[in-house]
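Remarks on the overall topology
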Amino acid sequence: MAKAAMNSHAPALYSLAVIQFNGSGASKNDKDLRAGVALCTRASLLGHIDSLRELGYCLQDGYGARKNVAEGRRLLVEAHARELALVIREVTRSTTPSNSSMLTWLTRRLRNLACHSGSFLPLLEGYGGYSVAVQPVNWFMREWFESGRGRLGEGLRLCAHVGCGRPETRPHEFRRCSVCGKVNYCSRGCQALDWKLRHKTECSEFLPWVVVVENDGVGGVAAVVGGGNGDVVA
């Protein structure tokens, strides 16, 4: 992985960043948040969307970097825009009638994003549960450990984001949702993605607050990520 990162392989750089954020393979005191931010920055410059999203959260929270809420939000909006652009590109590859309405909807959302670059928008939500494809290697990791062939040590957990599959290397390495306490994430990026994909409907104690926020015109994802979904404890 280190050799791949040295050769500017963006996913490898991001994986190393998550390792640094968690102190994976060592103790909690061996976390190097600044190294994680530096690795995310390098990967994001190579166009890696997950790294760009993670970097945005780091700046927004002052996690391993000087806090800069405005810049953090800008990076998160940019990550959403890139993610949406990828989906549009995939949809336009097929000219079937069933994709025409989706393309119209996605294009409208992208245009709306450009007009509201200072706020978060609930991108990729609300249209048939459509989501960006997960990298095959992450599916393999999760399927391997859940099959029983790859066994987690006692007290260790997988990242709760269904598309991740990253295992803990020590007990309580990953942070948990501060609202329900039932799910654990290796990174803020995985937490945000899993919230959109499924945990939003599972974290029932938080749902009444979410409804109020999403209807106030501010931008659902911003408020959600900055509220219960964004606050995690070790």
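Calculation criteria
- Position numbers for residues count from 1 along each chain, tracking the sequence in the order it is written.
- Local features in this predicted model are restricted to residues of pLDDT 70 or higher, and side-chain atom pairs are both shown and tallied only at a pLDDT of 80 or more, whereas totals for entire chains, interfaces and linings draw on every residue.
- With hydrogens and water stripped out, all remaining heavy atoms of the structure feed into the side-chain values.
- Each helix is a run of DSSP H or I of at least 4 residues and each strand a run of E of at least 2, with the numbering of both proceeding from the N terminus.
- The length a helix should cover is 1.5 Å for every residue beyond the first.
- Throughout, bend refers to the angle between the axes fitted to the seven residues that end at a position and the seven residues that start at it.
- Residue exposure (1.4 Å probe, protein chains only): buried if accessible area is under 20% of the type maximum, exposed if over 50%, otherwise partly exposed.
- Any residue with relative accessible area above 30% and no salt bridge may belong to a patch, with like charges joined within 9 Å and the nonpolar Val, Leu, Ile, Met, Phe, Trp and Tyr side chains within 5 Å.
- Here, Shrake-Rupley sampling with a 1.4 Å probe gives the accessible areas, and only protein chains in the shown set may cover a residue.
- Should a side-chain nitrogen of Lys or Arg be within 4 Å of a carboxyl oxygen of Asp or Glu, the pair is scored as a salt bridge.
- Side-chain atoms alone can form a polar contact between residues adjacent in sequence; in general such a contact is a pair of N or O atoms within 3.5 Å, and within protein one must be able to donate a hydrogen while the other accepts it.
- For helices, the axis comes from a line fit to the C-alpha atoms of the stretch in contact; other axes are also lines fit to C-alpha atoms, and the angle between any two N-to-C directions lies between 0 and 180 degrees.
- Angle categories: roughly parallel below 35 degrees, roughly antiparallel above 145, roughly perpendicular from 65 to 115, and oblique for all the rest.
- Throughout, a residue-residue contact means that at least one pair of heavy atoms, one from each residue, lies within 4.5 Å.
- What we call a nonpolar core is a set of buried Ala, Val, Leu, Ile, Met, Phe, Trp, Tyr and Cys residues that are connected through their side-chain atoms within 4.5 Å.
- Scored from 0 to 100, pLDDT reflects the predictor's confidence in each residue.

1. Some details on helix H8 (residues 188–202)
Quick reminder: α-helices carry 3.6 residues per turn. Residues three or four places apart thus point the same way. A rise of 1.5 Å per residue sets the reference length of H8, with its 15 residues, at 21 Å; its end C-alpha atoms lie only 18 Å apart and thus fall more than 12% short of the reference. Where H8 bends most, at Lys196, the angle is about 70 degrees. With eleven of 15 residues buried, H8 is to be regarded as a mostly interior element. Within H8, burial applies to Arg188, Gly189, Cys190, Gln191, Ala192, Leu193, Asp194, Trp195, Lys196, His199 and Lys200.

2. Looking at a nonpolar patch on the surface
On the surface, a nonpolar cluster with roughly 230 Å² of combined accessible area is contributed by Trp139, Val162 and Leu197. Looking at where Leu197 falls in the secondary structure, it is placed in helix H8.

3. A look at the pattern of salt bridges
If you walk through the whole model with that rule in mind, you get nine salt bridges. Residue Arg82 pairs with Glu78 through a salt bridge whose shortest N-O separation is 2.6 Å. Of this pair, Arg82 and Glu78 both sit in helix H5 (residues 69–92), four residues apart, which is roughly one turn of that helix. On the basis of relative accessibility, which here comes to 29%, the residue Arg82 falls in the partly exposed class. A relative accessible area of 25% means that Glu78 is categorised as partly exposed. Arg157 is paired through a salt bridge with Glu168; the nearest N and O atoms lie 2.6 Å apart. Placement of the pair is Arg157 in the loop between helix H7 (136–147) and strand E1 (175–177) and Glu168 in the loop between H7 and E1, with a sequence separation of eleven residues. A relative accessible area of 21% means that Arg157 is categorised as partly exposed.

4. Quick word on the environment of Ser27
Structurally, Ser27 is set in the loop between helix H2 (10–22) and helix H3 (33–45). With 142 residues separating them in the primary sequence, Ser27 and Thr169 have C-alpha atoms 9.3 Å apart. Reaching out from Ser27, the side chain makes a polar contact with the side chain of Asp30 at a distance of 2.9 Å.

5. Examining the packing of helix H4 (residues 49–61) against H8
Direction vectors running N to C along H4 and H8 enclose 105 degrees, while the axes themselves pass 8 Å from each other. On the basis of the axis angle, H4 is roughly perpendicular to H8. The segment H4 lies against H8, with Asp50, Arg53, Glu54, Tyr57, Gln60 and Asp61 engaging Arg188, Gly189, Ala192 and Leu193.

6. Description of the nonpolar core
Across soluble globular proteins, nonpolar side chains have a tendency to be buried as a group. One finds Phe21, Cys40, Cys159, Tyr185, Cys186 and Cys190 to be the most contacted residues of the largest nonpolar core, which totals 30 residues. Contributions of two or more residues to this core are made by H2, H3, H4, H5 and H8. In terms of residue count, H2 provides more of this core than any other element does, seven residues in total. In this structure Cys40 touches Tyr14, Ala17, Phe21, Ser51, Glu54 and Leu55, once residues within four positions along its chain are discounted.

7. Quick look at the confidence of the model for the protein chain
Confidence in the prediction for the protein chain averages 74 pLDDT; 66% of positions are at 70 or higher. Averaged over each element, pLDDT in the protein chain is lowest for helix H10 (residues 220–226) (36) and highest for H3 (95). Across residues 209–234, confidence stays below pLDDT 50; counting only partners more than four residues off in sequence or on other chains, it has 54 contacts.

8. Considering the environment of Ser24
Inspection of the secondary structure puts Ser24 in the loop between H2 and H3. Sequence spacing of Ser24 and Pro167 is 143 residues, and the spatial spacing of their C-alpha atoms is 9.5 Å. Leaving out residues up to four positions away in the same chain, Ser24 has contacts with Val18, Ile19, Thr169, Arg170 and Glu173.

9. Side note on the environment of Cys40
With respect to the element layout, Cys40 can be found in helix H3. On a C-alpha basis, the gap between Cys40 and Gly56 in space is 9.7 Å, while along the polypeptide they are 16 residues apart.

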